Structure formats: C-alpha cells, structure tokens
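The chain contents come next:
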Amino acid sequence: MSQDVAEVITATDPVEIARALIRCQSVTPDEGGALIFLRELLTDAGFEAEIVRFSEEGTADVDNLFAKIGSGAPHLTFAGHTDVVPPGEECRWQHPPFAAEIDGDMLFGRGAVDMKGAVACFAAAALDYLSATGEPKGTISFLITGDEEGVSINGTRKLLAWAKERGETFDHALVGEPTNPNALGDMIKIGRRGSLSGTITITGKQGHSAYPHLAKNPMRGLAKVMHALLDEPLDTGTHEFDPSTLEVTSVDTGNPAFNVIPAEVTIRFNSRFNNLHTAESLRARVEKQVETALECSGLTGSIAFEPNAAEAFLTEAGDIAALLSETIKAETGLTPALSTTGGTSDARYIKDYCPVIEFGLVGQTMHQIDERVDIADLTALTAIYRTFLTRYFDRFGD
Ligand SMILES: [Zn+2]
C-alpha cells in the first residue's frame, strides 16, 4: 500500500479520497487505478473486496468492485461508478481535469460530482461508522462499476447477478448519482422514467424532381408519420411521474441535391416514459402508428429500435426514503423532493433485486468542462451518509 493511501485511511477525509479518485484517469472503460485504490482503502478497513472483470463480445472488458463487511440482514449496498465521461478539450478547463486541484471552496476535476465525490463521501462515512461502532448489525457493501457512463453491458447488471450467485441478498440500495438540481438536500430519486430510442425508415423511389410521377417521394410519408407520432400525447402523467414524452431528434435523407427525389428518409426518436407504459407497449404503439401512417401514403418502411431500452420504475422503498429524507432534513434543514425526473441510471438494474433510492451531490456541472464540487458539500454529504448509516442499522438491525 502506498503512503498516500495509508494517510487517507487514517484521515477518512472525503476530500482526500475524492482527490485520489479524480487523479485516476478512469474514462470508461478504463479502470485507471480508481477501483484498485478503493479496494485497498476498504480492505484496510476490514472489508472483503474483490475486483471482478466482465467481458462480452463486441465490447471492452470492464472492471467492477464488490466489497462488503459484516454478515446477514439488513444488507445496505451503496451503488455507484468510478468511470467518468471524457474531459473534452483539456485546454479549456480552468484546472486540468485529472489534477484534482482545489481553488477557493471548490474541488475541480472530471467525476467531482458524477460521481467520484459521492463514492468518496460514502467510503468516508462507512469507515467512520465502522471505527465508531465496529462491525455493523448486518452488512454494508459497495457495488461499484466502471461501466456506467458507457454501454453499461459489463457493469452493474452483471455485478448484481454475480453477487446473487455468490449468495448475496440486498435489502436496500442507495445510489450516489448527483440527484440535487441546486443545493445539497433538494432531491431524492425514488424511481426513474424509462427510455426507448429508435430509427424509422420510410422507403420510396429515387428520381428526378421534374418527373415526380416516375419516382415515389418518401417525404410525403414523413409528414403523416410525424403527425402520428407527435399529435397525441402519450399520457398526462401520474402522481409520481411527469407526462411521458417522445421527441423526434433527427430527420435525414442524406440528399444534397435540390432536383433529386430521395430514395428514403429516416426519422430518429427518443421517448422518456413513465410507468403507465413499458418499452414493449411503446414499441407496439409506435409500430402501429407508423404502419397506419404509411398505409395511407402508399409507402413502405421499417423501424429499428435501439437495444438499450430502459423500463420505468418506482421504488417500493417508502420507509427507507422517509429515513433518508429525515436525515437530510436534520443535516441540511431542507426537505428533499421525492422525484422521478432526469435520465436513466443503474438503479434501473438494482430495482430488480431490492428497493433502491438515489441521493448524491449537486449535479450542475456534471459532464461539463470545469466539473467541480463545493468542498462544503463533500463534508455535508459525508455527514448525511454517516448519520444515515447509524439510523439505518438502528431501525432495521435486530
Ligand atoms: Zn453518474
């Protein structure tokens, strides 16, 4: 173990742990030293920790970390990722993206909020909890992937199955994604919308625009298909979810000429849907709409759905959400909104194993140049996680 790591362990300082993680260049799918650092940190605190590599043809191998301490129920797992999105043009950063420099009150670096910062806070909280109380009255584990920002094939989904095969059962999961829009304490996520993307191709017959009767213009079908997709709202929302949406994100013929009728036009779309739908029911709906629209235009077409659809879900973690909510109120004075907004996260896989809630840092600078976190937020989030651990085992232990 390096001197650096030893110092960090005695300090259980979330800022130093976050800095050590940010210095690891773990752009998906590279491990970059981040999981090895965490494994050492946790092993030295008494955790059993293992790095597990998953592979699949056509994708890069990805390392993941599973670490646990204690045994039996209740089992609280903290889930997150140490991979980060690429920094973009490094010269545009005020501070180099992997230098973990502190400027004023802020710690700069890729992953500062999404989500090496929260991983550091939970690690610091867990180590402090263990040094105060000894082994937990149950189990604390870390489920950390290196494949959240990428295709998510060799990540959390496989790690959950791997853990289950080894006999692990989870009672609750807390995901450290940056859930707060403005201030620490704003928002807990208790579910997520689903996502479905696809490409519709309308096929006609290429020809000279001066002789349209010899061609078949697919653009005539485009208008009808767009009407079918966009005119009727998917729903009006529910108590927990906003209305579902479907956005057309690209229309393309690949045709540079004014006097050529194109052979085909493609339409790309993405839908973010609530739990009134499933990916399957939406696929059927879009297929029917497109089929009907093309029938009236005398054109043919096809739809290819992207394989990475995510289902909408609402967690059944009413009691743990309430416990976290009370903890946040006690530590920050804010009552967090219980929300299902935003994109997808790995919680969509965890929800098949146990109730899952999400609470992390403020997300304002995630995936941006000059990603940074307020040092005070790292301290405050650590305090929230630390108090939550005490309350969790007091409440669910025994
Ligand atoms: Zn993230």
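Residues numbered from 1 in each chain as written. Predicted model: local features only at pLDDT ≥ 70, side-chain atom pairs only at ≥ 80, totals over all residues. Heavy atoms only, no water.

Each protein donor to the zinc ion is listed here as His81 (NE2), Asp114 (OD), Glu177 (OE) and Glu177 (OE); together their distances run 1.8 to 2.7 Å. Around the zinc ion sit 4 donor atoms, and with donor-metal-donor angles ranging over 52 to 143 degrees the site reads as irregular. On the primary sequence, the residues serving as donors to the zinc ion are separated as H-x32-D-x62-E. A residue pair is termed long-range when its members are at least 10 positions apart, and His81 in strand 3 (residues 75-81) and Glu177 in the loop between strand 7 (172-175) and strand 8 (187-189) qualify at 96 residues. Glu177 carries the same exposure label as His81, and that label is buried. (Donors = N, O, S within 2.8 Å, 3.2 Å for Na, K, Ca; no water. Tetrahedral: all angles 85-135°; square planar, octahedral: opposite > 155°, others 65-115°. Helix = DSSP H or I, 4+ residues; strand = E, 2+ residues; numbered from the N terminus. Buried < 20%, exposed > 50% of the residue type's maximum accessible area, 1.4 Å probe, protein only.)

Looking now at the sheet that holds strand 4 (residues 102-103). Strands sit in the order 4-5-19 across an open sheet of 3 strands; the sheet is antiparallel. On the outer flanks of this sheet lie strand 4 and strand 19 (372-374), each paired with one strand and no other. Sheet analysis places strand 5 (residues 106-108) next to strand 19, joined by 3 bridges and oriented antiparallel. Note that in strand 19 the partner of Met106 across the bridge is Asp374. Along the sheet face, helix 2 (residues 14-22) touches strand 4 and strand 5 and points at about 20 degrees away from the line of strand 5. (Pairing = 2+ DSSP bridges. Contact = heavy atoms within 4.5 Å. Axes fitted to C-alpha atoms, helices over the stretch in contact; angles between N-to-C directions.)

Neither face of strand 7 is open: one carries His172 and Leu174, the other Ala173 and Val175, and all of them are buried. Here strand 3 pairs with strand 7 via 4 bridges, running parallel. Bridge assignment links Phe78 to a residue of strand 7, and that residue is Leu174. Pairing of strand 7 with strand 18 (residues 356-358) involves 3 bridges; the strand directions are parallel. What sits directly across from Ala173, in strand 18, is Val356.

Turning our attention to unusual backbone geometry. Backbone phi values are negative for most residues with the exception of glycine, while trans is the configuration of most peptide bonds. Here Ala73 and Pro74 are connected by a cis peptide whose omega angle stands at -5 degrees. Secondary-structure assignment places Pro74 in the loop between strand 2 (62-70) and strand 3. Even without glycine at this site, Ser152 takes up a positive phi of about 60 degrees. Examined against the element boundaries, Ser152 turns out to sit in the loop between strand 6 (139-145) and helix 5 (156-165). The backbone of His367 sits at a positive phi, close to 65 degrees, despite the residue not being glycine. Within the secondary structure, His367 sits in the loop between strand 18 and strand 19.

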